[in-house]
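Close look at the chain arrangement
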Amino acid sequence: MAKRKRFNIEDLYPKDYFFDYAEFMKDPENYQFTEADYAYQNAMDLKKYEEEVPMTYYEKTLLRKWVMDGHNPRENPGSRYLCMTGSEPMDFLDVYRMDKEIKEEMKGMTKAQREAYLKELMGWTDEDESQSNSDWLPIDDDATSL
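Quick summary incoming for the structure in this document.

Here is what the cut-offs are and how they apply
Residues numbered from 1 in each chain as written. Predicted model: local features only at pLDDT ≥ 70, side-chain atom pairs only at ≥ 80, totals over all residues. Heavy atoms only, no water. Core = buried A, V, L, I, M, F, W, Y, C linked by side-chain atoms within 4.5 Å. Buried < 20%, exposed > 50% of the residue type's maximum accessible area, 1.4 Å probe, protein only. Helix = DSSP H or I, 4+ residues; strand = E, 2+ residues; numbered from the N terminus. Contact = heavy atoms within 4.5 Å. Phe/Tyr/Trp six-rings, centres within 6.5 Å; stacked < 30°, edge-to-face > 60°. Expected span 1.5 Å × (residues − 1). Axes fitted to C-alpha atoms, helices over the stretch in contact; angles between N-to-C directions. Parallel < 35°, antiparallel > 145°, perpendicular 65-115°, else oblique. Left-handed = near helix turned anticlockwise from the far one by under 90°. Nonpolar A, V, L, I, M, F, W, Y, C, P; charged D, E, K, R; others polar.

For the rest of this paragraph, the subject is the nonpolar core. Of all hydrophobic cores here, the largest spans 14 residues; its most connected members are Leu-46, Leu-63 and Phe-92. A per-element tally of this core places helix H3 (residues 57–68) first, with four residues. Sequence-distant contacts of Leu-46, defined by excluding residues within four places in its chain, comprise Phe-7, Ile-9, Leu-12, Leu-63, Arg-64, Val-67 and Pro-73.

Quick look at the structure:
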């Protein structure tokens with residue numbers, strides 16, 4: 001059986017990579033970062049992230065694939081189940097773990113039960129709109145008696 005190649009973070013960016021600091025310092029605001037610059041930054045962020053965050057072997061594999069596809073480990077991939085606009089920042093592993101937990105919770109539920117569960121997680125309510133609209137509109141008894 002063939003032995004697996006050991007993962008090396010340096011393989012995520014070109015071997016001859018160097019950041020052109022002199023060019024950057026000429027005009028930092030208009031400097032155009034290259035794909036290699038982004039790949040290097042993502043690789044360094046991955047290295048630091050793996051040191052800081054405990055994770056399973058499978059999670060580490062998924063995270064590395066995410067970074068190899070050109071993403072940062074702290075980037076939000078978007079949830080499979082929830083719309084996360086305006087929420088607190090979540091990184092790849094946070095979203096992966098949340099989706100995994102939601103999937104486990106929904107095991108055995110019918111489609112209607114899953115929909116109700118996800119709506120509850122999102123904070124949606126199924127109140128009758130006509131009732132809720134009348135709650136905030138003031139009723140002027142004098143105006144109705146005319």
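A full pass over the atoms with the stated rule returns 12 aromatic pairs. Seen from their ring centres, Phe-19 and Phe-33 are 6.3 Å apart, and the 20 degrees between their planes marks the pair as stacked. Note that Phe-19 is positioned in the segment before helix H1 (21–26) and Phe-33 in the loop between H1 and helix H2 (35–52), a separation of 14 residues in sequence. Residue Phe-19 is classed as partly exposed on the basis of its relative accessible area of 29%. By relative accessible area, Phe-33 is classed as partly exposed at 38%. Seen in terms of ring centroids, Trp-66 and Phe-92 are 5.1 Å apart; in terms of plane orientation they differ by 25 degrees. Their pairing is stacked. Residue Trp-66 is located in helix H3, and its partner Phe-92 is located in helix H4 (residues 92–105); the two are separated by 26 residues in the primary sequence.

In this model H3 runs 16 Å from its N-terminal to its C-terminal C-alpha over 12 residues, within 8% of the 16 Å that 1.5 Å per residue would give. Those residues of H3 that fall on the buried side of the exposure criterion are Glu-59, Leu-62, Leu-63, Arg-64, Trp-66 and Val-67. Following H3 by one or two positions, Gly-70 adopts a phi angle in the positive range, close to 100 degrees.

Here the focus is the packing of H3 against H4. Between two packed helices, the angle of one axis relative to the other and the distance separating the axes together describe the packing. In the contact formed by H3 and H4, the axes pass within 10 Å of each other and the chain directions differ by 125 degrees. Relative to H4, the element H3 lies oblique. Helix-helix and strand crossings are classified by hand; for H3 and H4 the assignment is right-handed. Touching Tyr-58, Glu-59, Leu-62, Leu-63 and Trp-66 of H3 are Phe-92, Leu-93, Tyr-96 and Arg-97, all from H4. The residue inventory of the contact of H3 with H4, partitioned by class, reads seven nonpolar, no polar and two charged.

Bringing the environment of Thr-34 into the picture now. Residue position: Thr-34 is located in the loop between H1 and H2. Thr-34 sits in the partly exposed class, given a relative accessible area of 37%. On a C-alpha basis, the gap between Thr-34 and Phe-19 in space is 9.4 Å, while along the polypeptide they are 15 residues apart.

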